[in-house]
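Commentary on secondary and tertiary structure
Here is how the chains run, residue by residue.
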Amino acid sequence: INLKEHYWTSSWAEKYGKSWIDKLQQKKRHAKKYNSEYKKKYKVLSVVLFVLWIVVMFVMLLLPNDLLQQNRTSLFNIPHSDKIMHCGLFGVFAFLLQSLLLLNSKLKTKKQYFVSLIVATLFGLFTEALQALTYQWCGRRFELADYLSDIVGVVLALLFFVLCEKKLKKRLQN
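Scoring rules and cut-offs
- Residues numbered from 1 in each chain as written.
- Predicted model: local features only at pLDDT ≥ 70, side-chain atom pairs only at ≥ 80, totals over all residues.
- Heavy atoms only, no water.
- Helix = DSSP H or I, 4+ residues; strand = E, 2+ residues; numbered from the N terminus.
- Buried < 20%, exposed > 50% of the residue type's maximum accessible area, 1.4 Å probe, protein only.
- Contact = heavy atoms within 4.5 Å.
- Salt bridge = Lys/Arg side-chain N within 4 Å of Asp/Glu carboxyl O.
- Core = buried A, V, L, I, M, F, W, Y, C linked by side-chain atoms within 4.5 Å.
- Patch = residues over 30% accessible without salt bridge, like charges linked within 9 Å, V, L, I, M, F, W, Y side chains within 5 Å.
- Areas by Shrake-Rupley, 256 points an atom, 1.4 Å probe, with all protein chains shown as cover.
- Phe/Tyr/Trp six-rings, centres within 6.5 Å; stacked < 30°, edge-to-face > 60°.

1. Considering the overall build of the protein
Summing up its helical and strand segments, the protein has seven helices and zero strands in all. When its helices and strands are written in sequence order, the protein yields α-α-α-α-α-α-α. For the protein, the residues scored as buried account for 28% of the 174 residues in total. Sequence-distant contacts, at least 24 apart, represent 74% of the contacts inside the protein between residues at least 6 apart.

Printed below as a string of structure tokens:
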């Protein structure tokens, strides 16, 4: 005997169960719809944040050196603050890129990390080359130490993302 058929034919199910099952199925449909809308919002938010961060990075990295020297505060009097800024800018870039890939890509996790590492380090190289090309206007030069601090920021951010990934995946699955 099929249990489902038996359940529907029993008098108890006819009296009480159908409405309960219908409500449960309705809740499941609503939860699925809500989760897909929630994921869509996360996807859009990740793209918007990533693009905005790229704009912020270009402004910060191509700001004329004279302007930076004039507006120095006590925060920027820290030794090697430029390297710390590069590390932070590219760390956030890598973190946002990895979250973007996690939400929008069908690549396996290891490949996502590899893509994030390659894209972020190449973007660091591109921005350093752009600084060298625009030296006449912004007074910024290509510095290997800046590029290395970009890479350090990327690696640290991706390691941090590994620690956060399980929590983020749980949140997206619920």
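2. Comments concerning the pattern of salt bridges
Evaluated as defined, the whole model comprises two salt bridges. With a closest N to O distance of 3.1 Å, Lys83 and Glu143 form a salt bridge. You can see Lys83 sitting in helix 4 (residues 81–104) and its partner Glu143 sitting in the loop between helix 6 (135–138) and helix 7 (144–173), a full 60 residues away along the chain. When its relative accessible area of 33% is taken as the criterion, Glu143 is described as partly exposed. With its nearest N and O atoms 2.8 Å apart, the salt bridge here joins Lys83 to Asp146. Here Asp146 lies in helix 7 and Lys83 lies in helix 4, a separation of 63 residues in the sequence. The class of Asp146 is buried, set by a relative accessible area of 2%.

3. Here we look at the nonpolar core
By size, the foremost hydrophobic cluster in this structure holds 20 residues, and its most contacted members are Phe50, Met57, Phe90 and Phe93. The element best represented in this core is helix 4, accounting for nine residues. Filtering out sequence-adjacent residues up to four positions away, Phe50 remains in contact with Phe93, Leu96, Leu97 and Leu100.

4. What about the environment of Leu61?
Note on placement: Leu61 falls in helix 2 (residues 11–62). With 25 residues separating them along the chain, Leu61 and His86 place their C-alpha atoms 8.4 Å apart. If we ignore the near neighbours within four places in the chain, the residues touching Leu61 are His86, Leu89, Phe90, Thr127, Gln131 and Arg140.

5. As for the side chain of Gln98
By the element assignment, Gln98 lies in helix 4. For Gln98, the contacting residues outside a window of four places in its chain are Gln112, Tyr113, Ser116, Leu158 and Phe161.

6. Let's talk about a nonpolar patch on the surface
The grouping of Phe114, Leu117, Ile118, Leu122, Leu125, Phe142, Leu144, Leu148, Val152, Val155, Leu156 and Leu159 at the surface amounts to a nonpolar patch, some 1,100 Å² of accessible area in total. If you list the elements that add at least two residues to the nonpolar patch, you get helix 5 (109–133) and helix 7. For the nonpolar patch, the leading source of residues is helix 7, giving six residues. Within the secondary structure layout, Phe114 lies in helix 5.

7. Some thoughts on the packing of aromatic side chains
One pass over the full model with this rule turns up ten aromatic pairs. A centroid spacing of 6.3 Å and a plane angle of 90 degrees characterise the contact between Phe58 and Phe126, whose relative ring orientation is edge-to-face. Remark: Phe126 occurs in helix 5 and Phe58 occurs in helix 2; sequence separation between them is 68 residues. For Phe126, a relative accessible area of 43% translates into the label partly exposed. Centre to centre, the rings of Phe95 and Phe160 are 5.9 Å apart; their planes meet at 40 degrees, and the pair counts as tilted. Of this pair, Phe95 sits in helix 4 while Phe160 sits in helix 7, and the two are 65 residues apart along the sequence. Residue class for Phe95 comes out partly exposed when judged on its relative accessible area of 28%. Here Phe160 falls in the partly exposed class, since its relative accessible area comes to 46%. Here a set of aromatic residues connected by ring pairs shows up, and it is made of Phe50, Phe58, Phe90, Phe93, Phe123 and Phe126.

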